[in-house]
Amino acid sequence: MIKNLLIIVILFICINIFSSDITDSLQLNEVVITASRSLQNSALFKVTIDSFVIKQNKENSLSDLLTNNSSVFIKSYGRGSLSTASFRGTSASHTQVLWNGIKINSPMIGQTDFSIIPVFFIDQLQILQGGSSIIESSGALGGTIVLENQPEWNKKFEMTINQEIASFHTYGTFAGITLGNEKWQTKTRCIYRSSLNDFKYYNTTVIPYRYDIQKDADYYQYALQQELYRKIDTKNTISFVLFGQYNDRNLPKIMSYEGGKIDESQQDKNIRSTLTWNSFINQKINVQVQTAYAYDNLQYYRYFNQFNYINNDSRSFSNSFFNNLEINYSISKNTIIKPGVDYNYYKASIFDYAPVIQSGYNKERNEISFYTALIHRFNSKIVANVLVRQEIVDTKDIPIIPMLGIEYKFIQDKDFFLKINVARNYHYPTLNDLYWIPGGNPNLKPEKGYTADIGIDFKYKVITQNAVTKLSSFVSQIDDWISWMPTEARYWQAMNLKEVFSRGVEWYQKIDGKLLKLNYTVIFNYAFTLTSDNYSLKSADENRNHQLPYIPKNKYNLFTKLEWKHFYFSYNHIFVDKRYTSPTSENNPVEIILNHHYLNNISIGRKIKVKKNEFDLQIKIDNLLNTDYQAILFRAMPGRYYTFTLQYKI
Amino acid sequence: MKEIHLCILFILFFFSCKKEEPFYTIGKLDSIQSEKSRGLFVLNEGNFMFGNSSLSYYSINNKEIINDIFFNVNKSPLGDVAQSMIVYGDYAYIAINNSGKVYVINKDNFTYIAKITGLTSPRYVSILNEKKGYISDLYSNEISIFNPSTFEITGKIDIGNKNSQFNQHTSEQMLFYGNKLFVNCWSFDNKILVIDTQQDKIVDSIDVRIQPQNMVIDMNNKLWVLTDGGYQGNLFGYEEPALIKINTTTHQIEKTFVFNNKEDSPGDLCLNGSGDTLFFINSNVYQMAVNSTQLPTNFFIPSLGKLFYAMIIDPVNSDLYVSDAVDYQKSGIIYRYNYKAELLDSFQVGINPGFFCFK
């Protein structure tokens, strides 16, 4: 490995030495455009992930991007393994993911696996916090992560090819081509990634301690995305996006395992497609119609090779159809009303073919949602955003889901807002919660959440440098939180159990500008989250007010990017506070605590332009200080590793 | 320009420090001294796939519980789902079901001695003499034979049944009687296998009811088997559980006591020191004399909302220890009663205290 690295570094140096004679590319300063704040997104708590952060992570999965560059906490089972989001102390099914307007959480499990979402296919990424998620859908008690693709009407032609070589026999090829003119555009992107994932780690869960090489953790992924945009005339646009991916991975054992060989693997297949028609009927009215389809297939296999015994052979399929009609009517320049309707249909089936299980279920779900948003500007200082959703799931009415947001502009000419948002939200039980055999409970009630956010949103200048501060505080109470508990009947059952009270602070800070000849950007995300579970089930501990497992009280990340002539450098510093691993109390004698850890990632890159051809070379070092850490107890994480990428763009 | 490249090289090779400590903290570190007097081990299973099992030790003389003794002494976690343990000679042998290994520790100062790895799903350990012991398994259709002094696997007994779709036979508890070893086949099965310990071969099998879970041999040398009856949706079958009395010489079933309901889930069958009274948990704790003609109708100790999980009777003074799993997530509690079912003591242990073992 060191020899390979040396070759790569020497190559890098040589290319730099020889390229200084070639025409340099123009380094454009970033221009900050301050448009008048649109009424549409008033009084909402949301964070937009900067586009260069997306570019920095283009070879990674969404899991890595969010862990290192947002306040969302990602719970990861290891490199390439299942990663779920935990937003403000809520569970993975309380974080909704929207892809071009459609919900992609599995209707069966209710979660999204962030480790198989490639960042390379994302153009825009936003996080809607707490009650603000209701503008897009119900059920996201923690928040929603919004992935969007958009046309770039200015681009007539662009082609990129990216090759990645990284530690642990990791290889990735990323390619994209964009073609078009003012009336139409086509974008195609594809990926192939694979990794043996045979990283070395120090195993302190066996006796004696020793260095181990991670086994049975290899994975590979193919993915393709095709976008088609057509401007029929100045008023009508049609967009079509098609996504498909196949992911195959072996699942490693926990570190303390020293038994015989067991094969455990998972295959994920997903297809998503969406067709949207957007029309400006006149200057005041805009209509959007969307229809979409998603297919999800997950196979999980556990097999004891020595005895030819299949322990699990679970295959699940779901077909989801989404339809949405939304009218955006600007009654006046101070008032907008947005009525809309969603109709979604899901058909899901799962069956485990293992000889001793042979069971599963086959179910459908219909979801209808009527909603109206009313946004009104009272005067130059105050804007209110009220939204109401009425949902019917499988002919059952869910109580009304309201959201009220108020925005107050402190000073006339400055971008300084105070925002308040209160909402009540419901999360319907997943298909597995209701119908899993054994233990599914068709009598489950929806989980209920109340959230309140208050915060400030401030764009300003510090001398000549640009700054953005978003500071907010939230409280949230979730009742009837569904938990699977072991029962005396020897299997686990889904129950409306917990009452979780979370509160915290989120801080997003950005500074960018130019110092001497350096362009720099610094982004800081901090989240403080306190959660406690007050459910009424019997307990040995008096102390029930205990931080929920795997929720750190504090976490922050700092991302710095420097650009100088054709060079760029970035540094990412991450801190995750200690986490409990079980619901026992602080004073419990056998509580296992994951210690806090710091992570450091750096990258250095160089852009070279030869006429119209652009080359970009980059070396990344992740976990620079070789920190020993875990995201989940006893599941190994890699130490320091290197990634070398070469991009060609024309 | 060239200086920057040199700097880069320096940075790349500069950071090579490693932290060589565990990244986790477990429990409170109590001081542990060597304990030669009588004591009770409490083995806590933890949660499946979490790796949070632990070992607790209750000193009977001092009436003191020490938790997490394995980690405290050996600085490494016990593993994933510690199933059972046995004390033999100077050592204690612990079967860690989902970590594929058996740990051997010193029974007085709890230090790690050795481990037997490469197993599939080890359940129970039984030791015949200092040269031979057996390890039963839930998935492999084999009983491993090992040497308890050298800690090496010396052989295997194949107990596979190729004609079954249910991965038979698996092995669970094991009891010696003369030159015989009785083994119950619990998972999707209904047999007791009889193995000759000199030849290490199956010599007989006894058909009992669905899923025999526990076995004990009483003062009259009768083998008692408690079946759990399966469960709703079990492809092998679902019926009422039963307590079955078997003659250890002829292998004939002498009496079968069938429970009233399929929903009953009795377990944790154990005997008192004199071997004349059976105890089991069926939500509550029940006792039954070995010459009884019917199942007990009244409980011995009521659960009163507790989740009774495992039990043992002190062979010396007939104290009864029963564990409460609470909610299977939080740490469990052990209750100590005297032979008159009066509560004497209670103490907190690890998660899912599933097995007791006296030393």
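Residues numbered from 1 in each chain as written. Chains lettered and ligands numbered in written order. Predicted model: local features only at pLDDT ≥ 70, side-chain atom pairs only at ≥ 80, totals over all residues. Heavy atoms only, no water.

## Quick look at the overall build of chain B
Link 1 in the chain: For chain B, the helix and strand inventory stands at two helices and 28 strands.
Link 2 in the chain: Over its C-alpha trace chain B gives a radius of gyration of 23 Å, about what one expects of a compact globule, namely 21 Å for 359 residues.
Link 3 in the chain: Oriented by its inertia axes, the alpha-carbon framework of chain B measures out at about 95 × 50 × 40 Å.
Link 4 in the chain: Across the 359 residues that make up chain B, the buried fraction comes to 61%.
Link 5 in the chain: Considering only intrachain contacts with a sequence separation of at least 6, the fraction spanning at least 24 residues in chain B is 44%.
Link 6 in the chain: Looking at chain B as shown, the accessible area adds up to about 14200 Å², and 48% of this sits on carbon and sulfur atoms. (Helix = DSSP H or I, 4+ residues; strand = E, 2+ residues; numbered from the N terminus. Rg over C-alpha atoms; globule rule 2.2 N^0.38 Å. Buried < 20%, exposed > 50% of the residue type's maximum accessible area, 1.4 Å probe, protein only. Contact = heavy atoms within 4.5 Å. Areas by Shrake-Rupley, 256 points an atom, 1.4 Å probe, with all protein chains shown as cover.)

## Quick notes on the overall build of chain A
Link 1 in the chain: The helix and strand tally for chain A stands at four helices and 33 strands.
Link 2 in the chain: For a compact globule of 650 residues, the expected C-alpha radius of gyration is about 26 Å, and chain A comes in at 25 Å, within 12% of that figure.
Link 3 in the chain: Along the first, second and third principal axes, the C-alpha atoms of chain A reach 70 × 65 × 45 Å.
Link 4 in the chain: Excluding contacts between residues fewer than 6 apart, the proportion of contacts in chain A whose partners are at least 24 apart in sequence is 63%.
Link 5 in the chain: Summing over all exposed atoms, chain A offers an accessible surface of approximately 27300 Å²; the carbon and sulfur share of this is 59%.
Link 6 in the chain: If the 70 positive side-chain charges of chain A are averaged to one point and the 59 negative ones to another, these points end up 5 Å apart. (Lys, Arg positive; Asp, Glu negative; His and termini not counted. Charge placed at Lys NZ, Arg CZ, Asp CG, Glu CD.)

## Comments concerning helix α3 (residues 62-69) of chain A
Link 1 in the chain: Along α3(A), six of the eight residues are buried, which leaves the element largely enclosed by surrounding structure.
Link 2 in the chain: Listed as buried for α3(A) are L62(A), S63(A), L65(A), L66(A), N68(A) and N69(A).

## Side note on unusual backbone geometry
Link 1 in the chain: Cis peptide bonds are those with omega within 30 degrees of zero, and the linkage from I207(A) to P208(A) qualifies with -5 degrees.
Link 2 in the chain: Among the secondary structure elements, P208(A) is positioned in the loop between β11 (200-203) and β12 (210-213).
Link 3 in the chain: Cis geometry is adopted by the peptide bond preceding P438(A), which originates at I437(A) and carries an omega value of -5 degrees.
Link 4 in the chain: Assignment of secondary structure puts P438(A) in the loop between α4 (431-435) and β23 (447-462).
Link 5 in the chain: With phi around 50 degrees, L516(A) is a residue other than glycine that occupies positive phi space.
Link 6 in the chain: Looking at the element boundaries, L516(A) is found in the loop between β25 (492-515) and β26 (518-533).
Link 7 in the chain: Although it is not a glycine, A341(B) adopts a positive phi angle of roughly 65 degrees.

## Brief notes about the sheet that holds strand β6 (residues 91-96) of chain B
Residue and element names in this part refer to chain B.
Link 1 in the chain: Read from one edge of the open sheet, four strands run β5-β6-β7-β8, paired in antiparallel fashion. Both outer strands of the open sheet, β5 (82-88) and β8 (112-116), are each paired with one neighbouring strand and no more. Sheet twist, expressed as the mean angle between neighbouring strand axes with direction ignored, is 20 degrees. (Pairing = 2+ DSSP bridges. Axes fitted to C-alpha atoms, helices over the stretch in contact; angles between N-to-C directions.)

## Overview of the environment of T451(A)
Residue and element names in this part refer to chain A.
Link 1 in the chain: Within the fold, T451 resides in strand β23.
Link 2 in the chain: Relative accessible area serves as the criterion here: at 11%, T451 is assigned to the buried category.
Link 3 in the chain: Separated by 29 residues in the primary sequence, T451 and V422 have C-alpha atoms spaced 5.7 Å apart.
Link 4 in the chain: Setting aside residues up to four positions removed in sequence, T451 forms contacts with G130, G131, L141, N421, V422, A423, V475 and S476.
Link 5 in the chain: A polar contact of 3.4 Å, which involves the side chain of T451, links it to the backbone nitrogen of G131. (Polar contact = N/O pair within 3.5 Å; in protein donor to acceptor, adjacent residues only side chain to side chain.)

## Digging into the sheet that holds strand β20 (residues 253-258) of chain B
Sheet strands pair via backbone hydrogen bonds, and the direction of the pair is either parallel or antiparallel.
All names here are of chain B.
Link 1 in the chain: Pairing is antiparallel across the open sheet formed by four strands, whose spatial order is β17-β18-β19-β20. Every interior strand has two partners, whereas the edge strands, β17 (212-217) and β20, have only one. Going across the sheet, the axis of each strand differs from the next one's by a mean of 20 degrees, ignoring polarity.
Link 2 in the chain: Where strand β19 (residues 242-247) lies against β20, five bridges are found, and the strand directions are antiparallel. Paired with L243 across the bridge in β20 is F257.

## A closer look at the confidence of the model for chain B
Link 1 in the chain: Looking at chain B as a whole, its pLDDT mean stands at 90, while 90% of the residues score no less than 70.
Link 2 in the chain: Both scores are available for the predicted complex, with the pTM at 0.88 and the ipTM at 0.87. (pLDDT = per-residue confidence, 0-100.)

## Section: the nonpolar core
Residues and elements named next belong to chain A.
Link 1 in the chain: Counting residues in hydrophobic clusters, the biggest one holds 40 residues, and the most contacted among them are L62, L65, L66, F114, L125 and L147.
Link 2 in the chain: At the level of elements, α2 (51-56), α3, β4 (95-99), β6 (124-129), β7 (143-148), β13 (219-231), β14 (236-250) and β16 (285-304) are the ones that each hand at least two residues to this core.
Link 3 in the chain: Discounting chain neighbours no more than four positions away, the residues touching L125 are V47, T48, I49, I54, L62, L65, I145, V146 and L147. (Core = buried A, V, L, I, M, F, W, Y, C linked by side-chain atoms within 4.5 Å.)

## Describing the packing of aromatic side chains
Residues and elements named next belong to chain A.
Link 1 in the chain: Following the criterion strictly, the structure yields 52 aromatic pairs over all chains and no others.
Link 2 in the chain: Chaining the aromatic ring pairs together yields one cluster made of W99, F120, F121, F174 and F243.
Link 3 in the chain: Above the ring of Y371, the side-chain terminus of R389 is found at 4.4 Å from the ring centroid.
Link 4 in the chain: The ring of Y568 carries K561 above its face, with NZ or CZ at 5.8 Å from the centroid. (Phe/Tyr/Trp six-rings, centres within 6.5 Å; stacked < 30°, edge-to-face > 60°. Lys NZ or Arg CZ within 6 Å of the ring centre and 35° of its normal.)

## Quick notes on the confidence of the model for chain A
Do not read the fine detail of predicted coordinates wherever pLDDT is low.
Link 1 in the chain: Mean pLDDT over chain A stands at 89; residues scoring 70 or higher make up 91%.
Link 2 in the chain: With pLDDT under 50 throughout, residues 17-36 of chain A is counted as low confidence; its partners more than four residues away or in other chains account for 18 contacts.

## Details of the environment of R230(A)
Residues and elements named next belong to chain A.
Link 1 in the chain: Position of R230 relative to the elements: it lies in strand β13.
Link 2 in the chain: Each C-alpha atom, one on R230 and one on W277, is 9.6 Å from the other, the two residues being 47 residues apart in sequence.
Link 3 in the chain: If we ignore the near neighbours within four places in the chain, the residues touching R230 are W153, K183, W184, N236, T237 and I238.

## Describing the pairing of strand β32 (residues 613-622) of chain A
Residue and element names in this part refer to chain A.
Link 1 in the chain: Of all 10 residues making up β32, seven are buried, and the element is well covered by its neighbours.
Link 2 in the chain: Pairing geometry for strand β31 (residues 597-610) and β32, over nine bridges, is antiparallel. When the sheet's bridge partners are listed, K609 is paired in β32 with E614.
Link 3 in the chain: Both β32 and strand β33 (residues 641-649) contribute to a ladder of nine bridges, which runs antiparallel. Across the sheet, K620 pairs through a bridge with T643, a residue of β33.

## Description of the pattern of salt bridges
Residue and element names in this part refer to chain A.
Link 1 in the chain: Taken as a whole and assessed by the stated rule, the structure comprises 44 salt bridges over all chains.
Link 2 in the chain: One salt bridge connects D313 with R315, and the closest N-O pair in it is separated by 2.8 Å.
Link 3 in the chain: Exposure remark for R315: the relative accessible area of 30% places this residue in the partly exposed category.
Link 4 in the chain: Salt bridges linked by common partners bring D123, E152, K155, E158, K187, R189 and E227 together as one network. (Salt bridge = Lys/Arg side-chain N within 4 Å of Asp/Glu carboxyl O.)

## Things to note about the side chain of T197(B)
All names here are of chain B.
Link 1 in the chain: Relative to the assigned elements, T197 resides in the loop between β15 (191-196) and β16 (201-207).
Link 2 in the chain: Overall, the relative accessible area of 4% leaves T197 in the buried class.
Link 3 in the chain: In this structure, T197 is in contact with L128, K132, Y134, F176, N179, K180 and L181, ignoring residues within four places of it in sequence.

## Quick notes on the side chain of Q56(A)
Residues and elements named next belong to chain A.
Link 1 in the chain: Tracing the chain through its elements places Q56 in helix α2.
Link 2 in the chain: A polar side-chain atom of Q56 sits 3.2 Å from a polar atom in the side chain of S570.
Link 3 in the chain: If near-sequence neighbours (up to four positions away) are discounted, Q56 is found in contact with F559, S570, S603, Q618 and K620.

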